[in-house]
Amino acid sequence: VLFGSGEAVPAEEKAVRPLTAPYLHEDAMITTDVRGWFLHHDLAELDGTLNVYALQARVAIFENLQFLAYKDGYSEFSDDNGNNLADGWNDIGLGLKLALFQDVGSQFFLAIGAGYEFGVGDDQVLQDTDEFRFWLSANKGFGRLHLGATGNYILAEDGKLDGAAGNSDMLTLHFHADYYLTKWLSPVVELNGYFVQEANSSATPGFHFSGVDAVSVNGGEDNDVITYALGFEVRPLVESLGLRAAYEAQLNDDEESLFGYRWTFSAVFEF
């Protein structure tokens, strides 16, 4: 049952929760769930990898209001030989989501949200930045086919000079499609876009590439990153537990990008 809707959602009409960009890709549904994440990220030009371990929680406070603990976790940087280069804690991101429209019958959901990232993470893993986040999410189902979109605006604080590598104002866009193939399997396709709106102060040039959602690296206004992801969710035990995996790579051509490719593994349990 979607919280507060008074209607049970048929299994084939239930959308898969976003598989990628876990800190930024937010669906429009008001639910209570926990999500565990593991990201293995090849950093391309930097000749290394980043592993991220994170746990999210979402709580439906009222039928149209949800509390989110959307960012936390632990990050590990390694070189291509597996040698540890740095590790430490990520920043903490908390927010609220307000449902503007939720219609189970038409499978249409619309919500807005706001959050704040507290710069309590470690500099050595390119965290320790404060930022505001505002977003709009929409989901629409067509029977077994489910589509979703999220747009975020990230507003960096402290003149964008905090953290080890600065930070930037950023617009991010996320698109999702999944299909309920069987009661235990849904294939998923997603697109993610990260567009720097205002790079950090010229007093601190920083790096000429964007850290997208993984780390706080300021990037420049010419360092946009667009990625595609292919994945799936399986529900081998109960429908309330989803086990998911996705492969993600860059779609646009940017020789200075550090994105490389990413494997994302996650589990979602809804109450």
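What you see is a predicted model; the values in this text were computed from it and never measured. (Residues numbered from 1 in each chain as written. Predicted model: local features only at pLDDT ≥ 70, side-chain atom pairs only at ≥ 80, totals over all residues. Heavy atoms only, no water.)

Q: What's the story with the overall build of the chain in this structure? I'm lost.
A: When its secondary structure is counted, the chain shows zero helices and 14 strands. When the helices and strands of the chain are read in sequence order from the N terminus, they spell out β-β-β-β-β-β-β-β-β-β-β-β-β-β. Counting the 271 residues in the chain, one finds 51% classified as buried. For the chain, the share of sequence-separated contacts (at least 6 apart) that also reach a separation of at least 24 residues comes to 60%. When the accessible surface of the chain is split by element, carbon and sulfur atoms take 62% of a total near 11600 Å². (Helix = DSSP H or I, 4+ residues; strand = E, 2+ residues; numbered from the N terminus. Buried < 20%, exposed > 50% of the residue type's maximum accessible area, 1.4 Å probe, protein only. Contact = heavy atoms within 4.5 Å. Areas by Shrake-Rupley, 256 points an atom, 1.4 Å probe, with all protein chains shown as cover.)

Q: What's the story with the packing of aromatic side chains in this structure? I'm lost.
A: Each pair of aromatic rings is reported with the distance of its centres and the angle of its planes. Scanning the entire structure with this criterion turns up twelve aromatic pairs. Measuring from centroid to centroid gives 5.2 Å for Phe38 and Tyr53, while their planes differ by 40°, and the two rings are tilted. With Phe38 in strand β1 (residues 33-42) and Tyr53 in strand β2 (residues 48-62), this residue pair connects regions lying 15 residues apart in the sequence. Here Tyr53 falls in the partly exposed class, since its relative accessible area comes to 36%. Through a chain of ring-to-ring contacts, three or more aromatic side chains come together here, namely Phe38, Tyr53, Tyr247, Tyr261, Trp263 and Phe265. When the ring centre of Tyr70 is taken as reference, the NZ or CZ atom of Arg133 above it lies at 4.6 Å. A cation over a ring is seen here: Arg133 above Trp135, with NZ or CZ 4.0 Å from the ring centre. (Phe/Tyr/Trp six-rings, centres within 6.5 Å; stacked < 30°, edge-to-face > 60°. Lys NZ or Arg CZ within 6 Å of the ring centre and 35° of its normal.)

Q: For this particular structure, what's the right way to read the side chain of Asp130?
A: Following the sequence through the fold, Asp130 ends up in the loop between β7 (108-118) and β8 (131-142). Look at Asp130: it is buried, it has no salt bridge, and the nearest opposite charge is Lys71 at 11 Å. Reaching out from Asp130, the side chain makes a polar contact with the side chain of Tyr116 at a distance of 3.5 Å. In terms of polar contacts, Asp130 uses its side chain to reach the backbone amide nitrogen of Gly119, at 3.0 Å. (Lys, Arg positive; Asp, Glu negative; His and termini not counted. Salt bridge = Lys/Arg side-chain N within 4 Å of Asp/Glu carboxyl O. Polar contact = N/O pair within 3.5 Å; in protein donor to acceptor, adjacent residues only side chain to side chain.)

Q: When you look at the nonpolar core in this model, what are you seeing that I'm missing?
A: A general trend in soluble globular proteins is that nonpolar side chains are found buried together. The biggest cluster of nonpolar side chains holds 22 residues, and the ones touching the most others in it are Leu50, Phe77 and Tyr194. Counting residues per element, the ones that place at least two in this core are β1, β2 and β11 (185-198). Here the element with the most residues in this core is β2; it accounts for three residues. (Core = buried A, V, L, I, M, F, W, Y, C linked by side-chain atoms within 4.5 Å.)

Q: Is there a simple way to explain unusual backbone geometry in this structure?
A: Outside of glycine, negative phi angles account for most residues, and trans bonds account for most peptide bonds. A positive phi angle, near 45°, is found at Ala21, a position not held by glycine. Counting through the fold element by element, Ala21 comes out in the segment before β1. The backbone of Leu126 sits at a positive phi, close to 60°, despite the residue not being glycine.

Q: Any chance you could explain the pattern of salt bridges here in plain terms?
A: Any two side chains of opposite charge can pair, so long as their charged atoms come close to each other. Scanning the model with the defined rule gives eleven salt bridges in all. One salt bridge connects Glu270 with Arg17, and the closest N-O pair in it is separated by 2.8 Å. Of this pair, Glu270 sits in strand β14 (residues 261-270) while Arg17 sits in the segment before β1, placing them 253 residues apart in sequence. For Arg17, a relative accessible area of 5% gives the class buried. When the shortest N-O distance is used, the salt bridge between Arg35 and Asp27 registers 3.6 Å.

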